[in-house]
Amino acid sequence: MIIQKTENSRISTFDPNNFSFGNTFIDHMIICEYEDGKWGDVKLVPYGPLAFTPAMMGVNYGQACFEGMKAYKDKDGQVFLFRPEKNFERINKSATRLAMPEVTEEMFLGGLKALVDADRNWIPSGEGMSLYIRPLIFATEEALKARVSNKYMFAIVATPAKMYYTEPVSVKISDHYSRAASGGVGSAKAAGNYAASFYPTQLAIEEGYEQIIWTDDATHEYFEESGTTNVFVRINDTIYTPPTSEKILDGVTRDSFIQLANKRGIEVKIEPIKVKDVVEAQKNGTLKEVWGVGTAVVTTVFQALGYNGEKLDLPRLSDEESFAVLLKNDLVDLQTNLADDPFGWRVKVDQVLETV
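Now for a description of the structure that goes with this document. The structure presented is a predicted model; accordingly, all values stated were derived computationally and were not measured.

## Brief notes about the overall build of the protein chain
Of the regular secondary structure elements, the protein chain holds seven helices and 19 strands. Scaling as 2.2 N^0.38, a compact globule of 356 residues should have a C-alpha radius of gyration of about 21 Å, and the protein chain matches this with 21 Å. Across its three principal directions, the C-alpha atoms of the protein chain cover 60 × 50 × 35 Å. The buried share of the protein chain, taken over its 356 residues, is 51%. Across the protein chain, every contact between residues at least 6 apart in sequence was considered, and the portion connecting residues at least 24 apart equals 72%. Here the protein chain has roughly 16,500 Å² of accessible surface; of this, 47% comes from carbon and sulfur atoms.

As structure tokens, this is what we get:
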């Protein structure tokens, strides 16, 4: 790996009590270029703009995918990644589906550890705090030709993060728009998936909702995902979540919630969820909770579901009564080294590079 440390660190301008998630970037980034059928050297360089043209194929034809993951700092200042091997596996699945070259484990995990190590001072500590990390692959060849690109870039950038949603949100159950279709790229973290979701989400916001529960493209009778998260439904004391498929992303947080629930002896059923069954459960009082899980949000609890022009309120459970909050706390305690890790999910990042 080639290390090019910045001579002008911005860490003195970073206020961990007052920053904007997604707009505040750490001092460095990882880049690696693909050309002539192979990846070049991985480089840790100062964060900043790169030179591309409007004819770049990733912009014109959408060959681009990414991952979302986090680094955490414990009370002693130690830094940990969380299940990074899952993100490594998934970015390569996404790359394969989009006809892009896979990255190597050394590039991905080595790049992650080097970046987090170099900029560990940017990781805020405290409740809800972390460093959000965005590995990505995109086509860089300058050519207006509808074909597979011959050049790519692998990059990793990162931004300090805090709690995404601090209050429960209302979501609209979609009866027209879908996030993904059979045979499509729903199981990949393709950049275009998110672009396609913005307009329906904007319409839902105009109706007074914060997010959407996506339903299947064929019948709109089944839950799939919620916004950019996997969805969970609790009826009585049983948790339901849809099985992953070519339309539903295999979320790392989703899998972690399932395993943590199993460890607690909470019944989890991985099966299709019918919209009508959820609506009926809300009517008869057996619907206890609906929530979304994902890397950025961790957990988003829903306070109401919009369906057929009606707003269906959900119970306001205490933290002690809520499975969503219980499992979120279990997960965060494990991520931040406040609890034992029986799964081996926590990966310590040793300090090798000198920090700025």
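## Concerning the environment of Arg234
As for its placement among the helices and strands, Arg234 is situated in strand β13 (residues 229-235). Considered as a pair, Arg234 and Ser12 are 222 residues apart in the sequence and their alpha carbons are 45 Å apart. Discounting chain neighbours no more than four positions away, the residues touching Arg234 are Ile239, Thr286, Leu287, Lys288, Glu289, Trp291, Leu317, Glu321, Ser322 and Phe323. Engagement of the side chain of Arg234 in a polar contact is seen with the backbone oxygen of Glu321, the distance being 2.9 Å.

## Examining the pairing of strand β15 (residues 267-270)
Where strand β14 (residues 238-241) lies against β15, four bridges are found, and the strand directions are parallel. Counted as the bridge partner of Thr241 is Ile270 from β15. Running through helix α5 (residues 252-264), the crossover from β14 to the neighbouring parallel element β15 is right-handed.

## What about the packing of aromatic side chains?
The tally for this structure, following the rule as stated, stands at 15 aromatic pairs. Ring centres of Tyr177 and Tyr199 lie 6.1 Å apart, and the angle between their planes is 90°; this geometry places the pair in the edge-to-face category. Within this pair, whereas Tyr177 is found in the loop between β10 (169-173) and α4 (191-206), its partner Tyr199 is found in helix α4, the two being separated by 22 residues in sequence. An aromatic cluster of three or more residues is present, and its members are Phe14, Phe19 and Trp122. One residue, Arg134, lies across the ring of Phe66, its end atom 3.9 Å from the ring centre. For Lys162, the ring lying beneath its charged end belongs to Phe19, and the centroid distance is 4.7 Å.

## Digging into the nonpolar core
For soluble globular proteins, the rule of thumb is that nonpolar side chains tend to be buried together. Counting 43 residues, the largest nonpolar core has Trp39, Val103, Phe108, Val116, Ile133, Ile137 and Phe154 as the members making the most contacts within it. Among the elements of the structure, β2 (28-35), β6 (69-73), β7 (79-82), α2 (84-97), α3 (105-118), β8 (130-139) and β9 (152-161) are those that each provide at least two residues to this core. When near neighbours in sequence (up to four residues on either side) are disregarded, Phe154 contacts Ile30, Ile31, Cys32, Trp39, Val103, Met107, Phe108, Pro135, Leu136 and Ile137.

## Observations regarding the state of the cysteines
Scanning the entire structure with this criterion turns up zero disulfides. Residue Cys32 stays outside any disulfide, its sulfur separated by 14 Å from that of Cys65, the closest cysteine. Among the residues examined, Cys32 registers a relative accessible area of 1% and is labelled buried. On the basis of relative accessible area, Cys65 is assigned to the buried category, the value being 2%.

Criteria and cut-off values
Residues numbered from 1 in each chain as written. Predicted model: local features only at pLDDT ≥ 70, side-chain atom pairs only at ≥ 80, totals over all residues. Heavy atoms only, no water. Helix = DSSP H or I, 4+ residues; strand = E, 2+ residues; numbered from the N terminus. Rg over C-alpha atoms; globule rule 2.2 N^0.38 Å. Buried < 20%, exposed > 50% of the residue type's maximum accessible area, 1.4 Å probe, protein only. Contact = heavy atoms within 4.5 Å. Areas by Shrake-Rupley, 256 points an atom, 1.4 Å probe, with all protein chains shown as cover. Polar contact = N/O pair within 3.5 Å; in protein donor to acceptor, adjacent residues only side chain to side chain. Pairing = 2+ DSSP bridges. Right-handed = clockwise from strand over helix to strand, strands pointing away. Phe/Tyr/Trp six-rings, centres within 6.5 Å; stacked < 30°, edge-to-face > 60°. Lys NZ or Arg CZ within 6 Å of the ring centre and 35° of its normal. Core = buried A, V, L, I, M, F, W, Y, C linked by side-chain atoms within 4.5 Å. Disulfide = S-S within 2.5 Å.

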